[in-house]
Amino acid sequence: MAEGDGLTMNNLLSEVQGALDKFKLEDEGTGGPGDYYSPYANLEKAAVLQEARCFHDPTAVRESPRKCCTVIAQLLHLTNTGQYMNSAEATEVFFGVTKLFMSDDASLRRMVYLFIKEVAETCNPDDVIIVTSSLTKDMTCDVDLYRANALRVLARIVDAAMLGAIERYVKQALVDSSGQVSSAALVSATHLFERNEESAAIVKRWISETTEATSSPNEMVQFHAMQLLYQIKKHDRLGMQKLVTQFSQRNTLRSPLALVLLVRYTAKLLTDEVAEGRQSGSFQNGTNFSRAGYAFLEASLRHKSEMVVYEAAKSICSLPGIEPQELSPAVNVLQIFLSSPKPAVRFAAIKTVSQVAVNHPRMVSKCNEDLEALIADANRSIATLAITTLLKTGSENSVDRLLKQISVFLSEIPDEYKVTIVKSIQRLCLTYPAKHRVLVGFLSNFLREEGGFDFKRSIVNSIVSLMKQVPETTEGSLLHLCEFIEDCEFTMLSTQILHLLGELGPSTSAPARYIRFIYNRVILENSAVRAAAVGALSKFAARCPSLRSSILTLLKRSLGDEDDETRDRASVAVSVLKDAMEEFPYLAPAEDADPDEEPVPDEPQAGDPAAFVLLQGLPMSFDRLERSIRAYVKAPAAMDSPEQLTLSTLPIVEEYEEPESAVDEGDDIGADPALAAAVSGKEKEKKEVIDPAAAVYAIPELAALGRVFRSSPPTALSEEEAEYVVTCVKHVLPEHIILQFPIQNTLEDQRLVN
């Protein structure tokens, strides 16, 4: 850019630095630098609007362009900080700014362009159109700076009708010899294409000029031209395939950014080929486009630009169903990037390698030496990804060595990174079950270290998940969790672990060993933990008759607890256990019993009241019980009926289950709802379910038929896309069946009547 055409980047940086130096304060007492303060900190809108009247003075505009620039900057600052101008003020200022086109100062002209773009949406559209002639004049002048900025401003303010009037100038700008003008025209066309369908239809006519722009020697022009071509053709699969094939074979793109786009478009088309069933198996033996597309991606791995090489490697690794031999070239390139001196390149490579290791750990195992070197990387994100990737690809013999490196590493990283590593260790234990003692012991050691709630909960979740999937870890894991609650500062985790002990502890080989840990919580903890501990002790007593007398003694000490919940739980448990011990006394095996005889199982007998009250759950969920009782109460004369209210007389309601959202595999705790409740710290909000029988009770003639025993889920009788959606609900009564046909009208301009 010529010196007279406007500010260069160096001049702009010099002016910014000069402004900072002007407002810089120095501490005279110490000689050290002070703080910067904003020159716009205490602006008043009235004062700025008063100064803006200088725009109407031709002499001031001609002789003091810098003052006008400052006033525009202040106006923009007010707008961006929420001090908006009303309609009259905005119109007056806008007309004043339009008079600044008479100045030839490049800096002032750029500020005018910026102001028009910022206020175009707040001003009256009829007022904004007034500057179109000035902008069109700038668009056809000889100064590239003016032409480029005028194009950008026009793209913000014109509609489809005006766009047709200036279409000729925009098409010329698309293939202009100046890269600045051509890029501005291409970016403006992209914004116009996204605005509305009318503008998009006009932009589509510029496809030949856009294609010609891809041959520009300017790299940014090629990049923006590729963007616009994709916008125009993205819904035309064959057109996109032709576009990608032409540019990948002609090799005319010199811009790394444009090549990155071409690589992305190729990868997307290959992914669509697989998703739509046109490609299966090896890409090298697939359709013509699949072979050509994969060949282009592989050739891009040898490009001189790191940006293009990485994008090609990432695209190959993300292709669905790719064969290992096709993946090998990309992994080799990523392995080289792992030792790059640039942190950004190392991070990008290790992130992609980590994703590949999930489905192809053997392919990544050859990078293990490079990954181990990254454990000591100064960037903690890179080091964390290196650790998690090694845990996916490491062999059984390398587990001990990896854990030794991790133990030093974990103390130096934040909790969010620790959670990621914990989940990777869990997956490793599932891969090598024989190492469960070492891995669970490693996780339990960090339960006793410093850490936040999320970190500790992730470890507990992982240990519980391993107990379900690797049963050999159950007893050892329970002991580790018992030691953790001895010094646990999180009430939620303590109560969850105590619940878990009550569920799993009695079924272990030596349940008595857990009693001490649980009773310590009764003595030392807060009310919530004490109540959970009493509940766990009650379950041990109910399932292990040999422990009932000892646990009964412990529970009696909680009868005078200051907390109502703890006291009530203890009272119920003591009463039930006394009745059970009287009805089914426990007989210990004789000391001189024959060791060859099978010992009497330590289990409650049939009809044991303790097992029934303390272990057996409700036949339905609380939510379903609530809805069933509500449905019973709504029935006519239900409360006046002499019939005894029992679970069998309640109406049957359907269990409405919402589809569960996908969860991270590290949080998978198995299918046991009790265990899920034990480790889940989140409560789902349930939608209110309307009783379907309410429609029957609302009709007096039908209400006389009696109480609805059961209502079926709605059955679709028409397609969901139909204009009228019809369903059927069956209501079962003691002597009748009622069919209800709800009809939903999806047409807004029509109304259904009986």
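As the structure is a computational prediction, the values presented were derived from the model and not from experiment.

Parameters at a glance
Residues numbered from 1 in each chain as written. Predicted model: local features only at pLDDT ≥ 70, side-chain atom pairs only at ≥ 80, totals over all residues. Heavy atoms only, no water. Helix = DSSP H or I, 4+ residues; strand = E, 2+ residues; numbered from the N terminus. Buried < 20%, exposed > 50% of the residue type's maximum accessible area, 1.4 Å probe, protein only. Contact = heavy atoms within 4.5 Å. Salt bridge = Lys/Arg side-chain N within 4 Å of Asp/Glu carboxyl O. Axes fitted to C-alpha atoms, helices over the stretch in contact; angles between N-to-C directions. Left-handed = near helix turned anticlockwise from the far one by under 90°. Nonpolar A, V, L, I, M, F, W, Y, C, P; charged D, E, K, R; others polar. Expected span 1.5 Å × (residues − 1). Bend = angle between axes of the 7 residues up to and from the residue. Core = buried A, V, L, I, M, F, W, Y, C linked by side-chain atoms within 4.5 Å. Parallel < 35°, antiparallel > 145°, perpendicular 65-115°, else oblique. Patch = residues over 30% accessible without salt bridge, like charges linked within 9 Å, V, L, I, M, F, W, Y side chains within 5 Å. Areas by Shrake-Rupley, 256 points an atom, 1.4 Å probe, with all protein chains shown as cover. Phe/Tyr/Trp six-rings, centres within 6.5 Å; stacked < 30°, edge-to-face > 60°. Pairing = 2+ DSSP bridges. Lys, Arg positive; Asp, Glu negative; His and termini not counted. Charge placed at Lys NZ, Arg CZ, Asp CG, Glu CD. pLDDT = per-residue confidence, 0-100.

### Examining the overall build of the protein chain
Right, on to step 1. In terms of regular secondary structure, the protein chain is built from 39 helices and 7 strands.
Right, on to step 2. In the protein chain, buried positions account for 45% of the 754 residues.
Right, on to step 3. A fraction of 62% describes how many contacts in the protein chain between residues 6 or more apart in sequence connect residues 24 or more apart.

### Focus on the pattern of salt bridges
Right, on to step 1. Throughout the structure, instances matching the rule amount to 20 salt bridges.
Right, on to step 2. Notably, a salt bridge pairs lysine 342 with glutamate 306, separated by 3.3 Å at the nearest N-O pair. With lysine 342 in the loop between α20 (324-337) and α21 (343-359) and glutamate 306 in helix α19 (residues 306-318), this pair connects stretches of sequence that are 36 residues apart.
Right, on to step 3. With a relative accessible area of 45%, lysine 342 lands in the partly exposed category.
Right, on to step 4. Its salt-bridge partner being arginine 569, residue glutamate 565 comes within 2.7 Å of it at the nearest N-O pair. With glutamate 565 and arginine 569 both in helix α34 (residues 564-583) and 4 residues apart, this pair spans about one turn of that helix.

### Digging into the packing of helix α29 (residues 474-485) against helix α30 (residues 491-504)
Right, on to step 1. It is at 10 Å that the axes of α29 and α30 come closest, and there the two elements cross at 145°. Classified by chirality, the crossing of α30 by α29 is left-handed. Here α29 contributes Leu478, Leu481, Cys482, Phe484 and Ile485 to the contact with α30, which in turn contributes Leu493, Ser494, Ile497, Leu498, Leu500, Leu501 and Leu504.
Right, on to step 2. Classifying every residue of the contact of α29 with α30 gives 11 nonpolar, 1 polar and no charged.

### Thoughts on the side chain of threonine 388
Right, on to step 1. Mapping threonine 388 onto the fold places it in helix α24 (residues 380-393).
Right, on to step 2. Here threonine 388 is in contact with Ser354, Thr420, Ile421 and Ser424, once residues within four sequence places are set aside.

### Brief notes about α20
Right, on to step 1. The first and last C-alpha atoms of α20 sit 20 Å apart over 14 residues, in line with the 20 Å expected at 1.5 Å per residue.
Right, on to step 2. Most pronounced at alanine 330, the bend in α20 amounts to some 25°.
Right, on to step 3. Among the residues of α20, those classed as buried are Glu326, Leu327, Ala330, Val331, Val333, Leu334 and Phe337.

### Considering the nonpolar core
Right, on to step 1. Formed by 128 residues in total, the largest nonpolar core has its most connected members in Ile421 and Leu501.
Right, on to step 2. Those residues in contact with isoleucine 421 that sit more than four places away from it in its chain are Thr384, Ile387, Thr388, Leu391, Ile406, Phe409, Leu410 and Ile413.

### Points about the packing of helix α25 (residues 399-410) against helix α26 (residues 415-431)
Right, on to step 1. The geometry of α25 relative to α26 is characterised by a closest axis approach of 12 Å and an angle of 165° between their N-to-C directions. On the basis of the axis angle, α25 is roughly antiparallel to α26. Judged by the sense of rotation from one axis to the other, the crossing of α25 with α26 is left-handed. Mapping the contact onto sequence places Val399, Ile406, Phe409 and Leu410 in α25 and Lys418, Ile421 and Leu428 in α26.
Right, on to step 2. Partitioning the contact of α25 with α26 into residue classes produces 6 nonpolar, no polar and 1 charged.

### Some details on a nonpolar patch on the surface
Right, on to step 1. On the surface, Phe709, Leu717, Val732, Ile737, Leu739 and Phe741 cluster together into a nonpolar patch covering about 570 Å² of accessible area.
Right, on to step 2. Examined against the element boundaries, phenylalanine 709 turns out to sit in the loop between α39 (700-703) and β3 (710-711).

### A short note on the packing of aromatic side chains
Here a ring pair, both rings aromatic, is described through the centre-centre distance and the interplanar angle of the planes.
Right, on to step 1. The final tally for this structure, using the stated rule, is 3 aromatic pairs.
Right, on to step 2. Aromatic pair tyrosine 230 and tyrosine 265: ring centres 4.3 Å apart, planes at 10°, arrangement stacked. Of this pair, tyrosine 230 sits in helix α15 (residues 219-233) while tyrosine 265 sits in helix α17 (residues 256-275), and the two are 35 residues apart along the sequence.
Right, on to step 3. Under the relative-accessibility criterion, tyrosine 230 is labelled buried at 19%.

### Comments concerning the pairing of strand β5 (residues 724-732)
Right, on to step 1. In this structure, β3 lies alongside β5, joined through 2 bridges in antiparallel fashion. Paired with arginine 710 across the bridge in β5 is valine 732.
Right, on to step 2. Across 2 bridges, strand β4 (residues 715-716) lies against β5 in antiparallel orientation. Each bridged residue has a counterpart across the sheet, and for threonine 715 the counterpart in β5 is cysteine 728.
Right, on to step 3. In terms of strand pairing, β5 meets strand β7 (residues 743-745) through 3 bridges, oriented antiparallel. Among the inter-strand pairings, tyrosine 724 is bridged to a residue of β7, identified as asparagine 745.
Right, on to step 4. Note: β5 against strand β6 (residues 737-740), 4 bridges, orientation antiparallel.

### Observations regarding a negative patch on the surface
Right, on to step 1. A surface patch of like charges, here negative, comprises Glu449, Glu450, Asp487 and Glu489.
Right, on to step 2. Positionally, aspartate 487 belongs in the loop between α29 and α30.

### Describing the environment of isoleucine 551
Right, on to step 1. By the secondary structure assignment, isoleucine 551 is in helix α33 (residues 548-556).
Right, on to step 2. In sequence terms isoleucine 551 and leucine 577 are 26 residues apart; their C-alpha atoms lie 9.5 Å from each other.

### Overview of the environment of isoleucine 207
Right, on to step 1. Structurally, the position occupied by isoleucine 207 is in helix α14 (residues 207-213).
Right, on to step 2. Distance in space between the C-alpha atoms of isoleucine 207 and lysine 233 is 9.5 Å, their sequence separation being 26 residues.

### Thoughts on the side chain of threonine 79
Right, on to step 1. With respect to the element layout, threonine 79 can be found in helix α4 (residues 65-80).
Right, on to step 2. Given the relative accessible area of 16%, threonine 79 is considered buried.
Right, on to step 3. With residues near it in sequence (within four places) discarded, threonine 79 still touches Tyr84 and Met85.

### Here's the deal with the confidence of the model for the protein chain
Right, on to step 1. Averaged over the protein chain, the pLDDT score is 81; the fraction of residues at 70 or greater is 87%.
Right, on to step 2. When the elements of the protein chain are averaged for pLDDT, helix α37 (residues 673-679) gives the smallest value, 43, and α19 the largest, 92.
Right, on to step 3. Considering only residues more than four positions removed or in separate chains, one finds that residues 659-685, a stretch of pLDDT under 50, has 37 contacts.

### Some thoughts on the environment of arginine 710
Right, on to step 1. Mapped onto the elements, arginine 710 comes out in strand β3.
Right, on to step 2. Note: C-alpha distance between arginine 710 and proline 692 (18 residues apart in sequence) is 9.4 Å.

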